[in-house]
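# Coordinates in review
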Amino acid sequence: DTEVTQTPKHLVMGMTNKKSLKCEQHMGHRAMYWYKQKAKKPPELMFVYSYEKLSINESVPSRFSPECPNSSLLNLHLHALQPEDSALYLCASSQWVTGNTIYFGEGSWLTVV
Amino acid sequence: GQQVMQIPQYQHVQEGEDFTTYCNSSTTLSNIQWYKQRPGGHPVFLIQLVKSGEVKKQKRLTFQFGEAKKNSSLHITATQTTDVGTYFCAALYQTGANNLFFGTGTRLTVIP
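My aim in this report is to walk through the structure given alongside it, one point at a time. (Residues numbered from 1 in each chain as written. Chains lettered and ligands numbered in written order. Predicted model: local features only at pLDDT ≥ 70, side-chain atom pairs only at ≥ 80, totals over all residues. Heavy atoms only, no water.)

## Some details on the overall build of chain B
Within chain B, the secondary structure is distributed over zero helices and 11 strands. The order of helices and strands in chain B, counted from the N terminus, is β-β-β-β-β-β-β-β-β-β-β. For chain B, whose C-alpha radius of gyration is 13 Å, the value lies close to the compact-globule estimate of 13 Å for 112 residues. For chain B, the residues scored as buried account for 48% of the 112 residues in total. Within the structure as shown, chain B displays about 5400 Å² of accessible surface, and the carbon and sulfur contribution to it stands at 51%. Treating the 10 positive side-chain charges of chain B as one cloud and the 6 negative ones as another, the clouds have centres 9 Å apart. (Helix = DSSP H or I, 4+ residues; strand = E, 2+ residues; numbered from the N terminus. Rg over C-alpha atoms; globule rule 2.2 N^0.38 Å. Buried < 20%, exposed > 50% of the residue type's maximum accessible area, 1.4 Å probe, protein only. Areas by Shrake-Rupley, 256 points an atom, 1.4 Å probe, with all protein chains shown as cover. Lys, Arg positive; Asp, Glu negative; His and termini not counted. Charge placed at Lys NZ, Arg CZ, Asp CG, Glu CD.)

Okay, structure coming up:
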């Protein structure tokens, strides 16, 4: 069982919708991540938050907007997505930013129609 | 961007046979991690290797980090059906960074 909790597990949204993915961890970790994983592909890093501040943005389109309200929560706001954005979105956390074990949540399966 | 090549892409083995997946980078790595993802599941951390030439074992799994810190391998002895899944290496290129670059993965199928 993972200690990183993601909601919702499944989301279907239209291209004009606004939705959010949520992530929560209570391990006291100070780094949190969003990864995107397409079918049969490896996870691709999207964003890294360190001490609640955005430290890495891997050139992600602005239709994806991350937010870290506090050290336990991480959101990913979605707006005007395209069908090719359909994927598994994985939240993860690690104790510190530097080279630690990363713990993944179970992911949110997103389908854009 | 950074690339981590992993081979083979797929591997089918008879239960009881051994399995190895290899991970290669063109540049020196700070450390390398290995993850397992079951079908329909999420990546689960297996091990982290940091030192040149490091070898770590977990029951039937043996992990190695190359002397030059550019390659790594995962070897499973006497595979079982519970070993089914995709094995990813994930590389850190810089000390102090935490943007892991995942290898392409090896999908293991174990035939009972």
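That covers the picture; the talk isn't over yet.
## Remarks on the interface of chain A and chain B
Often the size quoted for an interface is simply the accessible area lost on bringing the parts together. Listed as interface residues are 25 residues of chain A and, on the opposing side, 21 residues of chain B. Of the roughly 1600 Å² buried at the junction of chain A and chain B (both faces included), carbon and sulfur atoms supply 58%. Counting across the interface, chain A meets chain B through zero salt bridges. On the surface where chain A and chain B come into contact, there are two residue pairs in polar contact (both at pLDDT 80 or more). Secondary-structure elements contributing two or more residues to the side of chain A that touches chain B are strand S4 (31-37) and strand S9 (87-94) of chain A. In terms of residue class, the side of chain A that touches chain B is made up of 13 nonpolar, eight polar and four charged. (Contact = heavy atoms within 4.5 Å. Buried area = accessible area lost by both parts, 1.4 Å probe. Salt bridge = Lys/Arg side-chain N within 4 Å of Asp/Glu carboxyl O. Polar contact = N/O pair within 3.5 Å; in protein donor to acceptor, adjacent residues only side chain to side chain. Nonpolar A, V, L, I, M, F, W, Y, C, P; charged D, E, K, R; others polar.)

## Some words on the environment of Asn75 of chain A
Residues and elements named next belong to chain A. Counting through the fold element by element, Asn75 comes out in strand S8 (residues 73-79). Exposure remark for Asn75: the relative accessible area of 8% places this residue in the buried category. Taking the C-alpha atoms as reference points, Asn75 and Thr7, separated by 68 residues in sequence, lie 9.7 Å from one another. Once residues within four sequence positions are removed from consideration, Asn75 is found in contact with Leu21, Lys22, Cys23, Trp34, Ser65, Pro66, Glu67 and Pro69.

## Brief notes about the packing of aromatic side chains
This model, assessed by the stated rule, comprises 10 aromatic pairs over all chains. Centre to centre, the rings of Tyr35 of chain B and Phe45 of chain B are 5.7 Å apart; their planes meet at 75°, and the pair counts as edge-to-face. Here Tyr35 of chain B is found in strand S4 (residues 31-37), whereas its partner Phe45 of chain B is found in strand S5 (residues 43-49), with 10 residues between them in sequence. The exposure class of Phe45 of chain B is partly exposed, given its relative accessible area of 25%. Centre to centre, the rings of Tyr35 of chain B and Phe102 of chain B are 5.5 Å apart; their planes meet at 45°, and the pair counts as tilted. Within this pair, whereas Tyr35 of chain B is found in strand S4, its partner Phe102 of chain B is found in strand S10 (residues 101-102), the two being separated by 67 residues in sequence. A relative accessible area of 0% means that Tyr35 of chain B is categorised as buried. A network of ring pairs unites the aromatic residues Tyr33, Tyr35 and Phe104 of chain A together with Tyr35, Phe45, Phe88 and Phe102 of chain B as a single cluster. (Phe/Tyr/Trp six-rings, centres within 6.5 Å; stacked < 30°, edge-to-face > 60°.)

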